[in-house]
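Examining the three-dimensional arrangement
Spelled out, the chains give:
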Amino acid sequence: MKNHWTIFFGGHVKIKVVGKGIERFINECVRQEISLWEVKRIPDGSITASLPLKDLHKIRRIIRKSQCKLSFVGGKGFPFLFKKALYNSGFVIGLTSCLILLFILSNMIWGIQIVGAKPETEHLIRKELQTIGVETGKFQFLVQNPDEIQKHLSETINAITWVGVELKGTTFHFRVVEKNQPKEVEYFSPRHLVAKKTAIIANMFVEEGQPMVTIHDYVKKGDLLVSGFIGQEGKIEVVSARGEIMGETWYDANVSVPLKTNFNVLTGKSKTTHYVKVFNWNIPIWGFGKHEFKEVETTTDEKTFNFLKWKVPLGYQKVVIRESEEVERSYTKEEAVKVALQNGRNELKEQLNEQAKIKGEKILHQTIENGKVKLTIHFQVIEEISTVQPIIQGD
């Protein structure tokens, strides 16, 4: 028996041979290339042996020409199991239906757990999940994978800094880290407002405290802007200075833009192949044939299947091959300067808060070196320049 799996799926029978000339019978089986194994002699002179089910018709012809008699002891393998299953079809159908139902239910979403979010943030997350189809009762392989869900939530919900997405069994687990919202100013603590950087006062609104500067005043870092002492000498009252002091500040940026750039772009042509993944083998089921693209970008989307809490060695994989080509982008000197200015603005905006505005810009220096336009840009920005300085007892 060389291959147990082949013998199992093909089936094999156990026979008993009695009579004269058993040795000649065995030799004839060998000449006819009939495989016999587990050959045993019984004390009564007969023998038992096993042979493949497919060779049964051959051995019957040999028996007819011999002086032996043949009887069947039993059969094993898939054909015999299948025959028994037909006699118990109701049980088999019920068991198969139960397994199929468990498999389907094991690959659906039955729970969404969100940890670390406030009730209002959790509501926003659940609402956003519904818009992308992540909700209870949906098939797991029809929704985005955890990485794509994580990216979508991070980009669309401003209240969160980070969100971890993990699929365990039939439940999506979301671990949320919310942004540290600015704490409300403790107005009852005595304090001054001082400048946190050098600037020219552009606008100011003082809610409480004594203004120490006016519009167009030049201030340096640490200068007192609004005092927490109000009143006249002899009747000094200590308060928590509050207000918004907007000042004109200055930034210098060095930006370079190449006049010629090579990069890859997608042509719009693509080829999609669908696979069923069994263990480590990918079996194509749709999208056969090879592509003729010279330059490609490949994206793979893979879904695995579960049975109860276990992952089964069965999955689905979609491979999309997109054609790309290399193109050269060229700028004139004037175009490169415009792009550099815009890049400089974008980089500066990433450093500023939402209230800040770029008032003006000026190119201080401009050169072309090694195929690149290099600019030194001076920016004028209007932004909040005040910070808190507590009033210590005894000041």
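Look a little higher up for the structure.
In this report, the structure presented in the accompanying data block is examined. (Residues numbered from 1 in each chain as written. Predicted model: local features only at pLDDT ≥ 70, side-chain atom pairs only at ≥ 80, totals over all residues. Heavy atoms only, no water.)

**Considerations on the sheet that holds strand β3 (residues 47-52)**
In space, the four strands of this open sheet follow the order β2-β3-β1-β4, with antiparallel pairing throughout. Edge strands, defined here as strands with exactly one partner in the open sheet, are β2 (37-41) and β4 (68-76). Between one strand axis and the next, the sheet turns by 25° as a mean value, whatever way the strands run. Both strand β1 (residues 12-19) and β3 contribute to a ladder of six bridges, which runs antiparallel. Across the sheet, residue K16 finds its bridge partner in β3, namely T48. With respect to the sheet, helix α3 (residues 56-65) is in contact with β1, β3 and β4, its orientation differing from that of β4 by roughly 160°. (Pairing = 2+ DSSP bridges. Helix = DSSP H or I, 4+ residues; strand = E, 2+ residues; numbered from the N terminus. Axes fitted to C-alpha atoms, helices over the stretch in contact; angles between N-to-C directions. Contact = heavy atoms within 4.5 Å.)

**Observations concerning the sheet that holds strand β7 (residues 171-178)**
On the basis of which strands lie adjacent, the open sheet formed by three strands has the order β5-β7-β6 and mixed pairing. A single partner strand is all that each edge strand has here, and the edge strands are β5 (111-115) and β6 (160-168). In this sheet, neighbouring strand axes are inclined to one another by 15° on average, regardless of whether the strands run parallel or antiparallel. Two strands pair when backbone bridges link them, and β6 and β7 are joined in this way by eight bridges, in the antiparallel orientation. Looking at the pairing, E166 lines up with H173 of β7.

**Looking at unusual backbone geometry**
Backbone geometry at E33 places phi at a positive 60°, although glycine is not the residue there. Positive phi is not limited to glycine here, since E38 has a value of about 55°. Following the sequence through the fold, E38 ends up in strand β2.

**Topic: the nonpolar core**
Counting residues in hydrophobic clusters, the biggest one holds 19 residues, and the most contacted among them are I125, L129, V134, I149, L153, F172 and F174. Contributions of two or more residues to this core are made by β5, α6 (119-131), α7 (146-156), β6 and β7. Judged by nonpolar contacts, the second largest core, of 17 residues, contains Y251, V257, V373 and L375. (Core = buried A, V, L, I, M, F, W, Y, C linked by side-chain atoms within 4.5 Å. Buried < 20%, exposed > 50% of the residue type's maximum accessible area, 1.4 Å probe, protein only.)

**Thoughts on the environment of R126**
Relative to the helices and strands, R126 resides in helix α6. Take R126: its relative accessible area is 32%, and that puts it in the partly exposed class. Put simply, R126 and K138 are 12 residues apart on the chain and 14 Å apart in space, counted from C-alpha to C-alpha. If we skip the residues at most four places from it in the chain, R126 touches I112 and I114.

**Observations regarding α3**
Turning to α3, its buried residues number three or more, namely L56, I59, I62 and I63. Each buried residue of α3 sits inside an arc of 115° when the element is viewed along its axis, so together they form one side. Structural note: α3 exposes R64 and K65 on the side pointing more than 90 degrees away from its buried face. Buried positions along α3 lie against β1, α2 (22-31), β3 and β4. (Arc of directions from axis to C-beta.)

So yeah, pure geometry; function would need other evidence.
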